[in-house]
Number of protein chains: 2
Amino acid sequence: MSRNTWTSLRSLLVSIAAAVLASAAFAADPLPSWNDTAPKQAIVQFVEKVTKEGSADLVPAPQRIATFDNDGTLWSEQPMYFQLFYVADRVKALAPKHPEWKTREPFASLLRGDMKGVAAAGEKGLAALLAATHAGMTTEEFERAVTKWITTAKHPKTGKLFTEMVYQPMLELLTYLRANGFKTFIVSGGGIEFMRPWAERVYGIPPEQVVGSSGGLKYELRGGKPVIVKLPELVLNDDKGGKPVGIQRHIGRRPIAAFGNSDGDLQMQQWTAAGGGSRLCLFVHHDDAQREWAYDRQSKIGKLDRGLDEAKAKGWPVVSMKTDWAKIYP
Amino acid sequence: MSRNTWTSLRSLLVSIAAAVLASAAFAADPLPSWNDTAPKQAIVQFVEKVTKEGSADLVPAPQRIATFDNDGTLWSEQPMYFQLFYVADRVKALAPKHPEWKTREPFASLLRGDMKGVAAAGEKGLAALLAATHAGMTTEEFERAVTKWITTAKHPKTGKLFTEMVYQPMLELLTYLRANGFKTFIVSGGGIEFMRPWAERVYGIPPEQVVGSSGGLKYELRGGKPVIVKLPELVLNDDKGGKPVGIQRHIGRRPIAAFGNSDGDLQMQQWTAAGGGSRLCLFVHHDDAQREWAYDRQSKIGKLDRGLDEAKAKGWPVVSMKTDWAKIYP
């Protein structure tokens, strides 16, 4: 057999195998951790509608943009945003080099484990903590620190790695959308550089599809070696009205599907819903105190109040974690 | 024949056709408008090296990021950046609504066609022109205006549409890289919102892979309808040291190949070259007064001076448009 014939035969066999696997995948339920309730039905109906050739609702693949909030939508966010655990651990790790923190707030409170004292320092205190832990280093140094932390630090309540507290139904949803030609993006109030080091491994979302709150950056040569330095200034607060702004700046086209869990995601949903044609806007509702947490209108973290009303008024699916999800974590 | 058998047979035939076409594409020269000189050889060697399975230089597909400057690298930039023709046309179109421009500089000079007078107003004058033509409207209004202009306005010297003044060899290079698993990005000093409306059609580069100078944006509800308004402030000057910053902010990983034509691209090349493993940094040198323009160290637009020296010192390919390109425009 000639080499060419071999090559053709091999690619033929690969194709047959791929076709068989594809039809098997088609037959299997792509969302096994979702109960067969209204939200799952809405998702599947939407995806079938916008991907069906010849349908009036068909959306060309390049326009199939889906955006996901991160905290509370793709992973848990209680008792506080996971990035704040990073801040706390980082302050402790850096403390020996900063003896002045022993008497300076909110560092002193944090080092004593007095979270009320930290909270009392308000937004200005938070900004100081973020500046100390997220700026004044190169992007590569920050990436290394985050990567080390995320692969070792454990959640105080569950004892799991934080990346083990991602929602299995949402992982399936990401995969399902991508299998249907969607490009999936994170659009989060969390730090863009904090999420990128692990979003590809955990969510299958590459760095260039992560949108988040962003700090200033500065290019410089250090001993002839180019570095990018993180500055203690906010360039984008990717929350509330900042989410459509982040979407426009980074993606440049309007999503046709958006997934959130709090009032901080409402403007993203409004912006998505206001485009022409079929749209899917969905909120995850944290109502499962047993398997996760239960909170909404009164919560300090991930408050869902106006969003709940607007979802009801506009007929957007609201996922009850308790009744609509067969499984929470992988 | 059962429906299943039909389906399998059809997908088999499609696969065979695809395999035949793929091998035909492989056999044909992917860069026919490039003469067989050093730059083309450097490009092909680089691509083969980073894509060869089992090679020590193999770069996994998701990391195959290639960045392209736009003005002077993908399309012409003389006698002035094409976006400035848009500014001039726009000022003329808006002038009836702004009688005060008749006596206010640099609007008055521009409306009289006195470009020296415009230049005399310096950066502050340019900022005023940009604010008047690029801000104070919604992103959708701006997109419509750019789309209308780009499909009708003609270059004063060539009489071509501006999008007909893109470089055929670079179009082939974009396609060749994408066929080899690269993700191609624009990283330009030009306005991000100015390029996005046509970059996908002309270059095959979708909006989310366009990085450029960016203005402030603001989300608001107008009569219940969400809009994003363009503000007269600069959020990113995506030139020189701003290019690695734009790359980090929008892409979040370092390119392995970068293509530019001026000193404004030098920092992008430095940042790209300083990563580990195989890298390709290339400058396009405008030395073809006959078919395009000839300019470098002394030019006010697209000055290539330090870049030429650094390319020589580091062995980066420099494309002579005159001798290395068989064709300039499509």
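Residues numbered from 1 in each chain as written. Chains lettered and ligands numbered in written order. Predicted model: local features only at pLDDT ≥ 70, side-chain atom pairs only at ≥ 80, totals over all residues. Heavy atoms only, no water.

(A) How the structure looks around the pattern of salt bridges. Evaluated as defined, the whole model comprises 36 salt bridges over all chains. Across the pair arginine 291 of chain A and aspartate 288 of chain A runs a salt bridge, and its minimum N-O distance is 2.7 Å. Judged by its relative accessible area of 33%, arginine 291 of chain A falls in the partly exposed class. According to the relative accessible area criterion, aspartate 288 of chain A is buried, its value standing at 3%. The salt bridge involving aspartate 239 of chain B is made with lysine 240 of chain B; its shortest N-O contact spans 3.8 Å. Given a relative accessible area of 44%, lysine 240 of chain B falls into the partly exposed group. Within this structure, Lys183 and Arg253 of chain A together with Glu200 and Glu208 of chain B form a network of salt bridges that share partners. (Salt bridge = Lys/Arg side-chain N within 4 Å of Asp/Glu carboxyl O. Buried < 20%, exposed > 50% of the residue type's maximum accessible area, 1.4 Å probe, protein only.)

(B) Summary view of the interface of chain A and chain B. Between chain A and chain B, the residue contacts involve 43 residues of the former and 43 residues of the latter. Roughly 3,400 Å² is buried in total at the junction of chain A and chain B, and carbon and sulfur atoms are behind 58% of that figure. For the chain A face of the interface with chain B, the top three residues by lost area are Glu208, Tyr219 and Arg249 of chain A, together amounting to 21%. Put simply, arginine 253 of chain B and glutamate 208 of chain A hold a salt bridge, and the shortest N to O gap is 3.3 Å. Connecting chain A to chain B are 20 residue pairs in polar contact (both at pLDDT 80 or more). When residues of the side of chain A that touches chain B are traced back to their parent elements, those giving at least two are α1 (3-27), α7 (139-150), β2 (183-191), α9 (192-203), β3 (210-222), β4 (225-236), α10 (242-250) and α11 (266-273) of chain A. (Contact = heavy atoms within 4.5 Å. Buried area = accessible area lost by both parts, 1.4 Å probe. Polar contact = N/O pair within 3.5 Å; in protein donor to acceptor, adjacent residues only side chain to side chain. Helix = DSSP H or I, 4+ residues; strand = E, 2+ residues; numbered from the N terminus.)

(C) Highlighting helix α6 (residues 122-134) of chain A. All names here are of chain A. Relative to the 18 Å expected for 13 residues at 1.5 Å per residue, α6 spans 18 Å between its end C-alpha atoms, a close match to the ideal helical length. Of the surrounding elements, those touching the buried residues of α6 are α3 (82-94), α4 (107-112), α5 (115-120), α7 and β4. Residue glycine 136 follows α6 closely and has a positive phi angle near 80°. (Expected span 1.5 Å × (residues − 1).)

(D) Seen up close, the sheet that holds strand β7 (residues 318-320) of chain A. Residues and elements named next belong to chain A. Ordered in space as β4-β3-β2-β1-β5-β6-β7, the 7 strands form an open sheet in which the pairing is mixed. Looking at which strands have only one partner, the edges of the open sheet turn out to be β4 and β7. When the angles between neighbouring strand axes are averaged without regard to direction, this sheet yields 30°. The pairing of strand β1 (residues 65-68) with strand β5 (residues 257-260) spans 3 bridges and is parallel. Paired with phenylalanine 68 across the strands is phenylalanine 259, a residue of β5. (Pairing = 2+ DSSP bridges. Axes fitted to C-alpha atoms, helices over the stretch in contact; angles between N-to-C directions.)

(E) Seen up close, the relation of the copies chain A and chain B. Turning chain A through 180° and shifting it by 0.0 Å along the axis lays it on chain B, with an RMSD of 0.0 Å. Overall, the copies show the geometry of a two-fold rotation axis. (Least-squares fit on C-alpha atoms with pLDDT ≥ 70 in both.)

(F) Quick look at the confidence of the model for chain A. Counting all residues, the mean pLDDT for chain A is 93, and 92% of those residues have values of 70 or more. Predicted complex metrics record ipTM = 0.91 and pTM = 0.92. (pLDDT = per-residue confidence, 0-100.)

(G) Summary view of the pairing of strand β3 (residues 210-222) of chain B. All names here are of chain B. Pairing of strand β2 (residues 183-191) with β3, which is carried by 4 bridges, proceeds in the parallel orientation. Note that in β3 the partner of isoleucine 186 across the bridge is valine 210. Where β3 and strand β4 (residues 225-236) come together, 8 bridges link them in antiparallel fashion. Bridge assignment links leucine 221 to a residue of β4, and that residue is proline 226. As consecutive antiparallel partners, β3 and β4 are separated by 2 residues, and within that stretch glycine 223 has a phi angle of approximately 55°, a positive value.

(H) Layout of the side chain of serine 76 of chain B. Residue and element names in this part refer to chain B. Tracing the chain through its elements places serine 76 in the loop between β1 (65-68) and α3 (82-94). Serine 76 sits in the buried class, given a relative accessible area of 0%. Among the polar contacts made by the side chain of serine 76, one reaches the side chain of glutamate 292 at a distance of 2.7 Å. Beyond its immediate sequence surroundings of up to four residues, serine 76 is in contact with Phe82, Met165, Tyr167, Glu292, Trp293 and Tyr329.

(I) Structural context of the packing of aromatic side chains. Residues and elements named next belong to chain A. Summed over all chains, the structure comprises 38 aromatic pairs over all chains. For the ring pair tryptophan 198 and tyrosine 203, a centre distance of 5.7 Å and an interplane angle of 55° mean the geometry is tilted. Across the pair, tyrosine 203 and tryptophan 198 agree in class, each one buried. Among the aromatic residues, those joined into a cluster by ring pairs are Trp75, Phe82, Phe85, Tyr86, Phe142, Trp149, Phe162, Phe194, Trp198 and Tyr203. Lying across the ring of tryptophan 271, arginine 254 places its NZ or CZ 3.6 Å from the centre. (Phe/Tyr/Trp six-rings, centres within 6.5 Å; stacked < 30°, edge-to-face > 60°. Lys NZ or Arg CZ within 6 Å of the ring centre and 35° of its normal.)

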